[in-house]
Each structure stands twice: as C-alpha cells, then as structure tokens.
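If you want the building blocks of each chain, they are given just below.
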Amino acid sequence: KYYLAVTTWVPQEKYFTMRSQIGRDRYERTKMTIRNPLNPKNAVTHIELLWNYDWKYGLLKIDLETGRTHQIRVHLASMWFPILWDKIYGNTDINLLALKQLWVKRHMLHAHTLEFQLYDVLQSFIAPLKDDMKVFFQDEKTFFFWENS
C-alpha cells in the first residue's frame, strides 16, 4: 500500500526512512507519539520526496513497513513535516494560510496504490487523486506523474 501526502515544509533528502517506537501519548489519549509512549511498538516508514511547491509544501510517497495507529502522521510531524490540514499533529497557522490562499480545507493524505500477489499475478489498484491535491503541483512534470500513477 502506498500513500501520497502533502506536507508543510519539505525534506532535503529524496529518500529516507523513519524508524521509531510509537504508542499512545501519556497526557493526550487521542494522540499517538514517539516521545515516551505508553505500550510502544516498532514503526518503520519509508518516504520519498516526489515534488515540492516553492519549498513550502512537499508531495511525499509513503510506504509503510509496519502499520501503527497514526503512523504516517506521527512520523512526518515528528520530523517537522506535518501533513497539511492535520488538525491533531499539524500546524494551525499554516493550515489557515493554506485555506486562505489555496482553499485547502481537508487532511492531505491519500491512500493511492494497493498492490498484492494473487495466484502469482501482481494485482494493482490505484485511487485517483482529487483536484484539491493536484492544485499544489501544476507543472508539466508533475502532471505526467499524476496521469501515469
């Protein structure tokens, strides 16, 4: 399963992996954390920077090696790249600016591709992006990515 996310700020590396322990936050039961969590479990997230928008927003492809609650959201926020309009782990000021400038008003995380082997045949399913995510990446190279993904 591959995800696409629009994040605030942009990582400098093209490829990187986040490894940590994730568990429930000790003080806010609705949140997960990597900092001194309750009942921690290993979590591994592989991340690829696909594109950026003026180095303010990034488009990331995410591949989960493990599947913990809020794993993508927690890992990206802990690296200072929260998902745009993530009300729990994101940046409120940047979210409001994106609403004002770009009319973005929802969580910018998208389950994009599901692949698995069935009877020795690779099955692949793609969920097309909604237009509100496409608005960030309007040049020719990026549209090639959208049309071929």
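The shown structure was predicted, so the numbers you read here are calculated from the model rather than taken from an experiment.

S.K.: Please explain the overall build of the chain as it appears in this structure.
M.R.: Secondary structure summary: the chain contains 4 helices and 7 strands in total. Walking the chain from its N terminus toward its C terminus, one meets helices and strands in the order β-β-β-β-β-α-α-β-β-α-α. Radius of gyration (C-alpha) of the chain: 16 Å, near the 15 Å computed for a compact globule of 149 residues. With respect to the principal axes defined by its C-alpha atoms, the chain has extents near 50 × 45 × 25 Å.

S.K.: Just checking my understanding: could you explain the pairing of strand 1 (residues 2-8) for this structure?
M.R.: Regular strands place their side chains on alternate faces of the sheet. Counting buried positions over the 7 residues of strand 1 gives 6, a clear majority of the element. Where strand 1 lies against strand 5 (residues 57-64), 7 bridges are found, and the strand directions are antiparallel. Among the inter-strand pairings, T7 is bridged to a residue of strand 5, identified as G58. Taken together, the 4 bridges between strand 1 and strand 6 (residues 109-118) define a ladder with antiparallel strand orientation. Bridge pairing in strand 6 links Y3 to A111.

S.K.: For this particular structure, what's the right way to read unusual backbone geometry?
M.R.: Negative phi values dominate among residues other than glycine, just as trans dominates among peptide bonds. The backbone phi angle of N36 is positive, close to 55 degrees, even though this residue is not glycine. With respect to the secondary-structure elements, N36 resides in the loop between strand 3 (32-33) and strand 4 (38-53). Positive phi, close to 65 degrees, is recorded for D120, a residue that is not glycine. Of note, D120 is situated in the loop between strand 6 and strand 7 (121-126).

S.K.: For this particular structure, what's the right way to read a nonpolar patch on the surface?
M.R.: Residues L114, F116, L118, Y119 and F125 make up a contiguous nonpolar surface patch of about 540 Å² in total accessible area. Here the nonpolar patch takes 3 residues from strand 6, the largest share from any one element. Inspection of the secondary structure puts Y119 in the loop between strand 6 and strand 7.

S.K.: Before we go on, may I ask you to explain the packing of aromatic side chains in this structure?
M.R.: Within a pair of aromatic rings, the relevant descriptors are the distance that separates the centres and the angle that separates the planes. The final tally for this structure, using the stated rule, is 1 aromatic pair. Look at F116 and F125: their rings are 6.0 Å apart centre to centre, the planes differ by 25 degrees, and that puts the pair in the stacked class. The ring of Y15 is capped by K14, whose NZ or CZ atom sits 5.5 Å from the centre of that ring. Across the ring face of Y2, the terminal group of K61 is positioned such that the distance to the ring centre comes to 4.5 Å.

Basis of the calculations
Residues numbered from 1 in each chain as written. Predicted model: local features only at pLDDT ≥ 70, side-chain atom pairs only at ≥ 80, totals over all residues. Heavy atoms only, no water. Helix = DSSP H or I, 4+ residues; strand = E, 2+ residues; numbered from the N terminus. Rg over C-alpha atoms; globule rule 2.2 N^0.38 Å. Buried < 20%, exposed > 50% of the residue type's maximum accessible area, 1.4 Å probe, protein only. Pairing = 2+ DSSP bridges. Patch = residues over 30% accessible without salt bridge, like charges linked within 9 Å, V, L, I, M, F, W, Y side chains within 5 Å. Areas by Shrake-Rupley, 256 points an atom, 1.4 Å probe, with all protein chains shown as cover. Salt bridge = Lys/Arg side-chain N within 4 Å of Asp/Glu carboxyl O. Phe/Tyr/Trp six-rings, centres within 6.5 Å; stacked < 30°, edge-to-face > 60°. Lys NZ or Arg CZ within 6 Å of the ring centre and 35° of its normal.

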